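Residue strings, one per chain:
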Amino acid sequence: QRGQLVVRTREYNYHAYLKGQPRLDLFRYDNCHGGPETLHRHRFDIEGGERETILVPLDRMRTLAHVVREAEWLAAFVRRTRGF
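(A) Geometry of the nonpolar core. Of all hydrophobic cores here, the largest spans 15 residues; its most connected members are Leu18, Leu26, Phe27, Tyr29 and Met61. By residue number, the principal contributor to this core is helix H1 (residues 64-82), which donates five residues. What methionine 61 contacts, discounting residues up to four positions off in sequence, is Arg8, Tyr12, Tyr14, Tyr29, Leu39, Val56 and Val67.

So this is what it looks like as structure tokens:
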């Protein structure tokens, strides 16, 4: 939108997980292995097992606010589903 503040960085490392023993991963965005063109998303199942890694074009990267909302939604879903 016009006038909207947007922040872009060259390195991303957003990791959402539920604390506990063991930790339960929800998702992770990162490009710590290269430049912005290597940005990708790791998707995990409700048991915390990694299921896939998807390349994310930089212009399609979600805002931090969206990533936080996604983490909150997934955490609530996993807690309900697993009975936490």
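(B) Molecular detail of H1. In a regular helix each residue adds 1.5 Å, so 19 residues correspond to 27 Å; H1 covers 27 Å between its end C-alpha atoms and thus fits that length. Positive phi appears at glycine 83, one or two residues downstream of H1, with a value of about 75°.

Cut-offs and rules
Residues numbered from 1 in each chain as written. Predicted model: local features only at pLDDT ≥ 70, side-chain atom pairs only at ≥ 80, totals over all residues. Heavy atoms only, no water. Core = buried A, V, L, I, M, F, W, Y, C linked by side-chain atoms within 4.5 Å. Buried < 20%, exposed > 50% of the residue type's maximum accessible area, 1.4 Å probe, protein only. Helix = DSSP H or I, 4+ residues; strand = E, 2+ residues; numbered from the N terminus. Contact = heavy atoms within 4.5 Å. Expected span 1.5 Å × (residues − 1).

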